[in-house]
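Below are the chains, spelled out letter by letter.
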Amino acid sequence: KEFAEDVLDQFHKKTGIEATPKFDTEADKSVSLYVELVKEKERPRCDVFWNNEPLSTIRLQRQGLLEPYDSPSAAPYPASAKDKNHSWTAFANRARVLLVNTDLVKEADRPKSLLELTGEKWKGRVAMSRPQFGTSATQAACLFEVLGSEKAKKYYQAMRTNGVQISPGNKQAAEWVGAGRTPGGQEIAVAVTDTDDSLEEIKAGSHVAILFPDRQEVPGSRLGTLFLPNTVAIIRGCPNPEGARKLVDFLLSADMEKQLAEADSHQIP
């Protein structure tokens, strides 16, 4: 909400079209919106789905709920950022990172991989949001793809056994690291979170550092830092298709990529 409202206000001033938003919550992220869109498929109320990650958008596409649109604004984007049938376009990335409290973790002791967080020295000291929602869920899906189901299951089970602290959302996970503890007083030294939430803690003056995990090349490994885009799509049968296309064009414009990169969230073009 804090980033989208200004964007939609700019769209209104430029086109005269008022975009009435329905926002997700920090805890449920795009999952609650996805469920609503599926429920309304016979009589859609929504025109455009601006999603902070790709998975729920792809799920809607697979159910035939998206209207293909080849936006002229998407022409400069690489093929990897566009569905081959033009059902959605990806833009404005964030990275899934580790945020560490620099008062609690010396530089030499900082983790270099997600897989390290199951180790004894991080027992009870790691926070992450529930892996059923938002970018945390997308990261889980990607880990199941990269590691294989069995190894990914063992990783999440090991995180649970190691006392990972589950936060309401990525923002709260970052805030807990900034404070060095949960609201209940449990020490938190590291969080698995997003770049935008991490940068908010740096801006607030918290003693934290951002680490991009799994950057070292390991022979045979497909692990790496995960970069997750926003996605935008038009709902099939939407009530305002012309306005929907104009909003998609606006969101995918070079000027908007620049604005999102220079805003406090520092989305990656």
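Values in this document were obtained by computation on a predicted structure and should not be read as measured data. (Residues numbered from 1 in each chain as written. Predicted model: local features only at pLDDT ≥ 70, side-chain atom pairs only at ≥ 80, totals over all residues. Heavy atoms only, no water.)

S.K.: Describe the overall build of the chain, and please don't skip the residues or the numbers.
M.R.: The secondary structure content of the chain amounts to 9 helices and 8 strands. Scaling as 2.2 N^0.38, a compact globule of 269 residues should have a C-alpha radius of gyration of about 18 Å, and the chain matches this with 19 Å. Expressed as lengths along the three principal axes of its C-alpha atoms, the size of the chain is roughly 55 × 40 × 35 Å. A burial count over the chain gives 46% of its 269 residues as buried. Within the chain, counting contacts between residues at least 6 apart in sequence, those at least 24 apart form 71% of the total. For the chain, the accessible area works out to roughly 13800 Å², and carbon and sulfur atoms hold 50% of it. (Helix = DSSP H or I, 4+ residues; strand = E, 2+ residues; numbered from the N terminus. Rg over C-alpha atoms; globule rule 2.2 N^0.38 Å. Buried < 20%, exposed > 50% of the residue type's maximum accessible area, 1.4 Å probe, protein only. Contact = heavy atoms within 4.5 Å. Areas by Shrake-Rupley, 256 points an atom, 1.4 Å probe, with all protein chains shown as cover.)

S.K.: Could you give me a rundown of the pattern of salt bridges, with the residues and numbers involved?
M.R.: Taken as a whole and assessed by the stated rule, the structure comprises 14 salt bridges. The partner of R45 in a salt bridge is E40, with the nearest N and O atoms 2.6 Å apart. Overall, R45 belongs to the exposed group, its relative accessible area being 60%. A relative accessible area of 15% places E40 in the buried class. The closest approach of N and O atoms between D194 and R96, which form a salt bridge, is 2.9 Å. You can see D194 sitting in strand β6 (residues 190-194) and its partner R96 sitting in strand β3 (residues 89-101), a full 98 residues away along the chain. (Salt bridge = Lys/Arg side-chain N within 4 Å of Asp/Glu carboxyl O.)

S.K.: Hey, could you go over the layout of surface pockets for me, with residue numbers and the actual values?
M.R.: The space that makes up the largest pocket amounts to roughly 1300 Å³. Forming the walls of the largest pocket are 46 residues, and the residues nearest its centre are A4, P21, K22, F23 and W50. Put simply, the parts of the chain that give the lining of the largest pocket at least two residues each are α1 (4-15), α2 (30-39), β1 (48-51), α6 (170-179), α7 (195-203) and α8 (241-251). Residues of the lining of the largest pocket, tallied by class, amount to 17 nonpolar, 12 polar and 17 charged. (1 Å grid on protein atoms, 1.4 Å probe; cavity = no way out; pocket = protein on both sides within 12 Å on 5 of 7 lines; lining within 4 Å. Points joined across faces, edges and corners; volume = space filled by probe spheres on them. Nonpolar A, V, L, I, M, F, W, Y, C, P; charged D, E, K, R; others polar.)

S.K.: Any chance you could break down the packing of α1 against α8 for me, citing the residues and the numbers?
M.R.: Where α1 meets α8, the axes come as close as 11 Å, and the angle between the chain directions of the two elements is 120°. Judged by the angle between their axes, α1 and α8 are oblique. For the crossing formed where α1 meets α8, the hand is right-handed. Packed against α1, whose contacting residues are V7, L8, Q10, F11 and K14, the element α8 presents G243, K246, L247, F250 and L251 at the interface. Of the residues belonging to the contact of α1 with α8, the class tally is 6 nonpolar, 2 polar and 2 charged. (Axes fitted to C-alpha atoms, helices over the stretch in contact; angles between N-to-C directions. Parallel < 35°, antiparallel > 145°, perpendicular 65-115°, else oblique. Left-handed = near helix turned anticlockwise from the far one by under 90°.)

S.K.: Could you give an account of α6, with specific residues and numbers?
M.R.: If you check which residues of α6 are buried, you get N170, A173, A174, W176 and V177. Axial view of α6: buried residues confined to an arc of 155°, hence all on one face. Just downstream of α6, G180 is the residue with a positive phi angle, here 80°. (Arc of directions from axis to C-beta.)

S.K.: Tell me about the packing of aromatic side chains, and name the residues and values.
M.R.: Here the structure, examined in full by the defined rule, presents 4 aromatic pairs. The structure contains a cluster of three or more aromatic residues connected by ring pairs, namely F144, Y155 and Y156. (Phe/Tyr/Trp six-rings, centres within 6.5 Å; stacked < 30°, edge-to-face > 60°.)

S.K.: Which residues make up a nonpolar patch on the surface, and what values go with them?
M.R.: On the surface, F212, F227 and I268 cluster together into a nonpolar patch covering about 240 Å² of accessible area. Along the chain, the position of I268 falls in the segment after α9 (254-262). Among the residues examined, I268 registers a relative accessible area of 31% and is labelled partly exposed. (Patch = residues over 30% accessible without salt bridge, like charges linked within 9 Å, V, L, I, M, F, W, Y side chains within 5 Å.)

S.K.: Tell me about the nonpolar core, and please be specific about residues and values.
M.R.: Judged by nonpolar contacts, the single largest core of 32 residues is most densely connected at L60, F91, V232, V248 and L252. Looking at this core, the element that brings in the most residues is α8, giving 5 residues. Leave out the neighbours within four places in its chain, and L252 touches S71, S73, A74, Y77, T89, F91 and V232. (Core = buried A, V, L, I, M, F, W, Y, C linked by side-chain atoms within 4.5 Å.)

S.K.: Help me get a handle on the side chain of E40, residues and values and all.
M.R.: Mapped onto the elements, E40 comes out in the loop between α2 and β1. Within polar-contact distance, the side chain of E40 engages the side chain of R45 at 2.6 Å. Apart from the residues within four sequence positions on either side, E40 is in contact with R45 and C46. (Polar contact = N/O pair within 3.5 Å; in protein donor to acceptor, adjacent residues only side chain to side chain.)

S.K.: Any details on the environment of E145? Residues and values, ideally.
M.R.: Inspection of the secondary structure puts E145 in helix α4 (residues 134-147). When its relative accessible area of 52% is taken as the criterion, E145 is described as exposed. Distance in space between the C-alpha atoms of E145 and T182 is 31 Å, their sequence separation being 37 residues.

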